[in-house]
Amino acid sequence: AQSVTQLDSQVPVFEEAPVELRCNYSSSVSVYLFWYVQYPNQGLQLLLKYLSGSTLVKGINGFEAEFNKSQTSFHLRKPSVHISDTAEYFCAVDSGGYQKVTFGTGTKLQVIP
Amino acid sequence: DVKVTQSSRYLVKRTGEKVFLECVQDMDHENMFWYRQDPGLGLRLIYFSYDVKMKEKGDIPEGYSVSREKKERFSLILESASTNQTSMYLCASSLAGTIRNYGYTFGSGTRLTVV
């Protein structure tokens, strides 16, 4: 069975500071990993994905994530956050099969002015 | 842009009522999904469908059913609403075989309160 663990439910950070949102996955087969973002009162949208190849993937809005197979992690980072990055971020894993993903519990990023 | 529209943003229903949550997508996607979102639990898959009249149970199907009579519409049905079904419900869709490249397209959600 596949699963993802997001270790932090809330992360407060000052504007223009760097941030890392943590995600660990569990799967017995090859994985495909995703980060989604949910802005207030909206549905989720895809931020970035890891399918294969380079372990550092870049997404929209200056976010990037690094796939680490030995540590089974896929942490999301941004070197300098903006107020508009305030949102909830979900890590997700797809281990194949029926084209569906399993989501983590989410991390609320609060950017403080 | 692909649009996934959920018919109601907020809904309040009484215990025991039959509740219909509607979702419509306008880009001819084969796959459609219903998730519920609860604080601290993230998104949990209720049901999904790969084609018209086809449905598969997700991780938490108990107390729910679905209907997909047309490709663009996927309905979630609460046969007899209960207070533990108070939640945010998210509908999503995707083109067949593209979830890994393009992900889901989500609707804005329906916040259901059962009193």
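Residues numbered from 1 in each chain as written. Chains lettered and ligands numbered in written order. Predicted model: local features only at pLDDT ≥ 70, side-chain atom pairs only at ≥ 80, totals over all residues. Heavy atoms only, no water.

S.K.: Would you mind going over the side chain of Q6 of chain A with me for this structure?
M.R.: All names here are of chain A. Here Q6 is to be found in the loop between β1 (3–5) and β2 (10–14). Judged by its relative accessible area of 7%, Q6 falls in the buried class. Within the structure, the side chain of Q6 is placed 3.0 Å from the backbone nitrogen of C91, a separation counted as a polar contact. Within the local environment of Q6, its side chain forms a polar contact with the side chain of T107, the two groups lying 3.2 Å apart. Once residues lying within four places of it in the same chain are set aside, the contact partners of Q6 are R22, W35, Y89, F90, C91, G104, T105, G106 and T107. (Helix = DSSP H or I, 4+ residues; strand = E, 2+ residues; numbered from the N terminus. Buried < 20%, exposed > 50% of the residue type's maximum accessible area, 1.4 Å probe, protein only. Polar contact = N/O pair within 3.5 Å; in protein donor to acceptor, adjacent residues only side chain to side chain. Contact = heavy atoms within 4.5 Å.)

S.K.: Sorry, what's going on with the packing of aromatic side chains here?
M.R.: Between two aromatic rings, the relevant description is the distance of the centres plus the angle of the planes. Under the definition given, this model contains 17 aromatic pairs over all chains. Taken together, the ring pairs in this structure connect F34, Y36 and F103 of chain A together with F33, Y35, F48, Y50, Y104 and F106 of chain B into an aromatic cluster. (Phe/Tyr/Trp six-rings, centres within 6.5 Å; stacked < 30°, edge-to-face > 60°.)

S.K.: Please explain the nonpolar core as it appears in this structure.
M.R.: Generally speaking, nonpolar side chains in soluble globular proteins are found buried as a group. Residue and element names in this part refer to chain A. Ranked by size, the top nonpolar core spans 28 residues in total, and within it L33, W35, L48, F74, L76 and Y89 carry the most contacts. Going through the elements one at a time, β2, β3 (19–21), β5 (32–38), β6 (44–50), β8 (64–68), β9 (73–78), β10 (87–94) and β12 (107–112) are the ones with two or more residues in this core. In terms of residue count, β10 provides more of this core than any other element does, four residues in total. (Core = buried A, V, L, I, M, F, W, Y, C linked by side-chain atoms within 4.5 Å.)

S.K.: Help me understand the state of the cysteines, please; the structure alone is not making it clear to me.
M.R.: Note: disulfide means a covalent bond formed between the sulfur atoms of two cysteine side chains. Going through the model one piece at a time under the given rule, you end up with two disulfides over all chains. At a sulfur-sulfur separation of 2.0 Å, the disulfide partner of C23 of chain A is C91 of chain A. Given an S-S torsion of about -65°, the disulfide between C23 of chain A and C91 of chain A has left-handed geometry. Here C23 of chain A, found in the loop between β3 and β4 (24–26), pairs with C91 of chain A, found in strand β10; they are 68 residues apart in sequence, far enough to count as distant. Both residues of the pair, C23 of chain A and C91 of chain A, count as buried. Here C23 of chain B pairs with C91 of chain B through a disulfide, and the sulfurs are 1.9 Å apart. Where C23 of chain B bonds to C91 of chain B through sulfur, the torsion about that S-S bond is close to -75°, and the disulfide is left-handed. Placement of C23 of chain B in strand β3 (residues 19–25) and of C91 of chain B in strand β9 (residues 87–94) is noted, with a sequence separation of 68 residues between them. (Disulfide = S-S within 2.5 Å.)

S.K.: Mind showing me how you'd approach the interface of chain B and chain A here?
M.R.: Think of interface size as the accessible area that goes away when the parts come together; that is how it is often given. At the junction of the two partners, chain B supplies 27 residues and chain A supplies 23 residues. Buried surface at the junction of chain B and chain A, both sides included, amounts to about 1900 Å², of which 53% is carbon and sulfur. If you sort the residues of chain B by the area they bury against chain A, L43, R100 and Y104 of chain B come out on top, with a joint share of 31%. At the junction of chain B and chain A, the tally comes to zero salt bridges. Mapped onto the side of chain B that touches chain A, the elements with two or more residues apiece are β4 (31–38), β5 (42–49) and α1 (99–102) of chain B. (Buried area = accessible area lost by both parts, 1.4 Å probe. Salt bridge = Lys/Arg side-chain N within 4 Å of Asp/Glu carboxyl O.)

S.K.: I'm lost on the sheet that holds strand β7 (residues 64–70) of chain B in this one. Help?
M.R.: Whenever strands of a sheet pair, they do so through backbone hydrogen bonds, lying parallel or antiparallel. All names here are of chain B. Reading across the sheet, the four strands line up as β1-β3-β8-β7 and stay open at both edges, with antiparallel pairing between neighbours. Strands with a single pairing partner mark the edges of an open sheet, and in this sheet they are β1 (4–6) and β7. Between one strand axis and the next, the sheet turns by 20° as a mean value, whatever way the strands run. With three bridges joining them, β1 and β3 adopt antiparallel strand pairing. Its bridge partner being in β3, V4 is matched across the sheet by Q25. (Pairing = 2+ DSSP bridges. Axes fitted to C-alpha atoms, helices over the stretch in contact; angles between N-to-C directions.)

Any functional reading would require information beyond the geometric quantities listed.
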